[in-house]
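Each chain, letter by letter, is given below.
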Amino acid sequence: WIYANTYGSRAGKGIDVAFNDTFTLRGIGKIATKTFGAGDAVPITISARNLFIDGENADIRSDADDGSTGAGGNIKLTATDTLSLNDGQISNITWSTGDAGSITINAGNLLMDGYSAEISSYSGSGSTGAGGNINLMVADTFSILNNAQIIGGLLFGSGSKSSITINALNLHMDNEASIRTRVFFGAAADINLNIANTLSIRNDSVITASSFEQGD
């Protein structure tokens, strides 16, 4: 595990890790930052040729904890060949007044597979901070399979909503895969897709932008 928490009014310098070849996070492996105070959670930056996050308890995350006023840290992941989430998670969530950080991924290929596989950034229950934007840039193929999901927006809080932007050559979704933004106050959050070649959505997979109260 790699942790970096903020308890006071100043944040540290962040987690910045670079690998020449393959980095694998599996089992209960975690890279996490969190703020409990007025300072922001520190950012997480990881680069590798291949980046694998395997297992439902393996995750990379940055949170603004309940009672804090600092923001969540931005997460930036770069995999020149393949980034794979085999039931793993990448998340950035605020539970307080601070905003959630953004998630930015640059990958040659991006694979999300399995019920627990998730990329999410949003404002949680009781929070007034904004959800963070999710920006995914894939040079070749992005596959979302077998209940894997991307979640953005404003799930239960009252802060500003976040958006999801995907740029890829190909996007394949299969077997109840989903890309969702959910907003409970006001207008639905944006989903922006820029797919140069093939977009395939099969077997009950969905792309939805929902607002559950009065809004656009």
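Residues numbered from 1 in each chain as written. Predicted model: local features only at pLDDT ≥ 70, side-chain atom pairs only at ≥ 80, totals over all residues. Heavy atoms only, no water.

Draft legend 1. Seen up close, the overall build of the protein. Assigned secondary structure in the protein consists of 0 helices and 16 strands. Going through the 216 residues of the protein one by one, you find that 49% of them count as buried. Counting only carbon and sulfur atoms, one obtains 44% of the accessible surface of the protein, whose full area is about 9300 Å². (Helix = DSSP H or I, 4+ residues; strand = E, 2+ residues; numbered from the N terminus. Buried < 20%, exposed > 50% of the residue type's maximum accessible area, 1.4 Å probe, protein only. Areas by Shrake-Rupley, 256 points an atom, 1.4 Å probe, with all protein chains shown as cover.)

Draft legend 2. Summary view of the packing of aromatic side chains. Within the structure shown, the criterion is met by 3 aromatic pairs. Here the aromatic rings of Tyr7 and Phe36 are separated by 5.1 Å at their centres, their planes lie at 5°, and the arrangement is stacked. Of the two residues, Tyr7 sits in the loop between β1 (2-6) and β2 (15-18) while Phe36 sits in the loop between β4 (30-35) and β5 (44-54), which places them 29 residues apart along the sequence. In this structure Tyr7 comes out as exposed when scored by relative accessible area, which is 58%. Classification of Phe36 as partly exposed rests on a relative accessible area of 34%. Between the aromatic rings of Phe19 and Phe23, the centroid separation amounts to 4.5 Å while the plane-to-plane angle is 10°, which identifies the pairing as stacked. The exposure class of Phe19 is partly exposed, given its relative accessible area of 30%. Judged by relative accessible area, Phe23 falls into the buried class, the value being 13%. (Phe/Tyr/Trp six-rings, centres within 6.5 Å; stacked < 30°, edge-to-face > 60°.)

Draft legend 3. Structural view of the environment of Asp54. Note that Asp54 resides in strand β5. Here Asp54 falls in the partly exposed class, since its relative accessible area comes to 21%. For the pair Asp54 and Ser84, spaced 30 residues apart in the sequence, the C-alpha separation amounts to 7.8 Å.

Draft legend 4. Main features of the nonpolar core. Core analysis: the largest hydrophobic core is formed by 38 residues, its most contacted members being Ile105, Ile119, Phe142, Ile144 and Ile150. Only β3 (22-26), β5, β7 (75-86), β9 (103-113), β11 (134-145) and β13 (164-174) provide two or more residues apiece to this core. If near-sequence neighbours (up to four positions away) are discounted, Ile144 is found in contact with Met112, Ile150, Leu171, His172, Met173, Asp174, Ala177 and Ile179. (Core = buried A, V, L, I, M, F, W, Y, C linked by side-chain atoms within 4.5 Å. Contact = heavy atoms within 4.5 Å.)

Draft legend 5. Broad picture of a nonpolar patch on the surface. On the surface, Trp1, Tyr3 and Ile28 cluster together to form a nonpolar patch covering roughly 390 Å² of accessible area. Inspection of the secondary structure puts Trp1 in the segment before β1. Exposure remark for Trp1: the relative accessible area of 61% places this residue in the exposed category. (Patch = residues over 30% accessible without salt bridge, like charges linked within 9 Å, V, L, I, M, F, W, Y side chains within 5 Å. Salt bridge = Lys/Arg side-chain N within 4 Å of Asp/Glu carboxyl O.)

Draft legend 6. Summary view of the pairing of β13. Sheet topology note: the β11/β13 ladder contains 10 bridges and is parallel. The residue bridging Met137 from the neighbouring strand is Asn167, located in β13. Pairing between β13 and strand β15 (residues 191-202): 10 bridges, direction parallel. Bridging from a neighbouring strand, Asp174 pairs with Arg202 of β15. (Pairing = 2+ DSSP bridges.)

Draft legend 7. How the structure looks around the pattern of salt bridges. This model, assessed by the stated rule, comprises 6 salt bridges. Ionic pairing is found between Asp21 and Arg49, a salt bridge with its closest N-O pair at 2.6 Å. Remark: Arg49 occurs in strand β5 and Asp21 occurs in the loop between β2 and β3; sequence separation between them is 28 residues. According to the relative accessible area criterion, Arg49 is partly exposed, its value standing at 36%. The shortest N-O distance in the salt bridge between Arg61 and Asp63 comes to 2.9 Å. Exposure remark for Arg61: the relative accessible area of 23% places this residue in the partly exposed category. Residues joined in a network through salt bridges with shared partners are Lys30, Asp59, Arg61 and Asp63.

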